[in-house]
Each structure stands twice: as C-alpha cells, then as structure tokens.
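Commentary on secondary and tertiary structure
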Amino acid sequence: MIITYIHRIGWFVGLVLLQVLILNNVHIAGYATPFLYIYFILKFASGTSRNELMLWAFFFGLTIDIFADTPGMNAAATVLLAFLRPSLLRLFTPRDNLDSIIPSFKSMGITPFLKYTTASVFVHSLALLSIEFFSFTSIWLLLLRVISCTLLTLTCILAVEGIRR
C-alpha cells in the first residue's frame, strides 16, 4: 500500500516538472499545447473510489495552476476529468473484464484504450480551453485549439504508454 503511494508521488512530481518546465512552453503553431499531466489521472486503477480520484486530481491541477499562474483552470478541468473517468472507463472497457484494472494497451486492448484515452483527453481539453477562452465568440478558434491539443496530448500519452509497455 505504501509502495503504491510512493509510486504515485514519484509520478506526480515527475509529471508536474515535465509539464511546468517543458510542455507548457510548447505551442505548436500557436494552437496546440500538450497536457501530458492528465496521464496521471488516466492510469489510476478502475477500482479507485471517485472521491480519492477527485482529490488527487484537484491537488495535481492546483499544483500545475500554481506553477503556471493559471488560477484554478487546470484544477477545474482535472477534477471534471476525474469525475467523468469512471463512466468513461465503464463505457470503453470490455464487459468480460470486471476486475480492478489499470487502463493500458495490455489490460484493455488497443482499440478500447485508444477510445478511452481520446474521449478523456477531449473532455479535459474542452473544459480547460473553454475556461481559458471564457467566450464563445470565436467558437471555431476554440474548436481548432481543442482538437489540436487533443491530438498532441493523445500522441504524447500513446508515446509514453508505448515506452512503458
């Protein structure tokens, strides 16, 4: 049990440093920024309670907000993702797999994991960028940024997942 928390804290610190020091400064064509830090939320076991998941997500998003000087935006988006994650996981997990699994290519299969990750990243990007824009006057620019950030983040998550495999 304590090993699990030490492992999570290590990932927490590593992903915060990666996001804040490197990835927040990556802006491809001025539209796409990778949000790799949500990989932390996506990789919790399916048996994790929603309250624990939302608590981890809040502190993770708040830590990113403190370093990125974005008052509560990342915290709100990650808590929303943590709230919706069990539903998304049930939606895309094969029915024969009822055990507590850690989502991955190996445990879910490539297609269900890809669908789960894409939906989760899209929800997070939509929430975060809608809060950032706080207006629907330029809805096409918002949708372009959401789609480009989703694709870039998805690419980064799949690369990390491929390396960990």
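On a predicted model such as this, the values are computed, not experimentally measured, just so you know. (Residues numbered from 1 in each chain as written. Predicted model: local features only at pLDDT ≥ 70, side-chain atom pairs only at ≥ 80, totals over all residues. Heavy atoms only, no water.)

**Some remarks on the UniProt feature "transmembrane region" (unreviewed entry) in the protein**
To keep it simple, the criterion reads: UniProt positions are given in the numbering used here, feature names are shortened, and annotations may be inferred rather than shown by experiment. By the criteria applied, helices consist of DSSP H or I runs no shorter than four residues and strands consist of E runs no shorter than two, each listed in order from the N terminus.
As recorded in UniProt, the sites labelled "transmembrane region" (unreviewed entry) are residues 28-46, 53-68 and 113-133. Taken end to end, residues 28-46 is 21% helix and 0% strand, and its first and last C-alpha atoms sit 33 Å apart.

**So, the packing of aromatic side chains**
This is how the line gets drawn: By convention, a stacked pair of Phe, Tyr or Trp rings (six-membered ring in the case of Trp) has centres within 6.5 Å and planes under 30 degrees apart, an edge-to-face pair has planes over 60 apart, and any other such pair is tilted. Summary of the burial criterion: residues with accessible area below 20% of their type's maximum are buried, those above 50% are exposed, and those between are partly exposed, where the area comes from a 1.4 Å probe applied to protein chains only. Geometrically, a lysine NZ or arginine CZ counts as sitting over a ring once it is within 6 Å of the ring centre and also within 35 degrees of the ring normal.
In the structure shown here, the tally under the stated rule is 14 aromatic pairs. Between F35 and Y37, the ring centres sit 6.4 Å apart and the planes meet at 80°, which makes this aromatic pair edge-to-face. The class of Y37 is buried, set by a relative accessible area of 1%. Taking the ring centre of F83 as reference, the NZ or CZ of R50 above it sits at 4.6 Å.

**Remarks on the packing of helix α6 (residues 110-133) against helix α7 (residues 139-164)**
Selection rule: The axes used here are C-alpha line fits, helices contributing only the stretch in contact, and every angle between their N-to-C directions lies in the interval 0 to 180 degrees. Should an angle fall under 35 degrees it is taken as roughly parallel, and over 145 as roughly antiparallel, whereas 65 to 115 is taken as roughly perpendicular and any remaining angle as oblique. The crossing is said to be left-handed when, going from far helix to near helix, the turn is anticlockwise and less than a right angle, and right-handed when the turn is clockwise. Contacts between residues were defined by any pair of non-hydrogen atoms, one from each residue, lying within 4.5 Å. Following the grouping adopted for this structure description, the nonpolar residues are Ala, Val, Leu, Ile, Met, Phe, Trp, Tyr, Cys and Pro, the charged ones are Asp, Glu, Lys and Arg, and the polar ones are all others, Gly among them.
Axis separation between α6 and α7 bottoms out at 8 Å; the angle between their running directions is 140°. Between α6 and α7, the angle is such that the two are oblique. Crossing hand, α6 versus α7: right-handed. Contact residues: F113, L114, T117, T118, V121, F122, S125, L126, L129, S130, E132 and F133 in α6; L141, L142, R145, V146, C149, T150, T153, L154, I157, L158 and E161 in α7. Classifying every residue of the contact of α6 with α7 by side-chain character gives 14 nonpolar, 6 polar and 3 charged.

**Observations regarding a nonpolar patch on the surface**
Quick note on the threshold: Distance thresholds for patches are 9 Å for like charges and 5 Å for nonpolar side chains (Val, Leu, Ile, Met, Phe, Trp, Tyr), applied to residues having over 30% relative accessible area and no salt bridge. All accessible-area figures derive from a Shrake-Rupley calculation using a 1.4 Å probe, and residue coverage is judged against the displayed protein chains alone. Here a salt bridge means any side-chain nitrogen of Lys or Arg lying within 4 Å of a carboxyl oxygen belonging to Asp or Glu.
A contiguous nonpolar surface patch, about 810 Å² in accessible area, is contributed by F122, L126, F136, I139, W140, L143, I147 and L151. Listed by contribution, the elements that provide at least two residues to the nonpolar patch are α6 and α7. A total of 5 residues in the nonpolar patch trace back to one element, the largest contributor, which is α7. Locating W140 in the fold gives a position in helix α7. Here W140 falls in the exposed class, since its relative accessible area comes to 69%.

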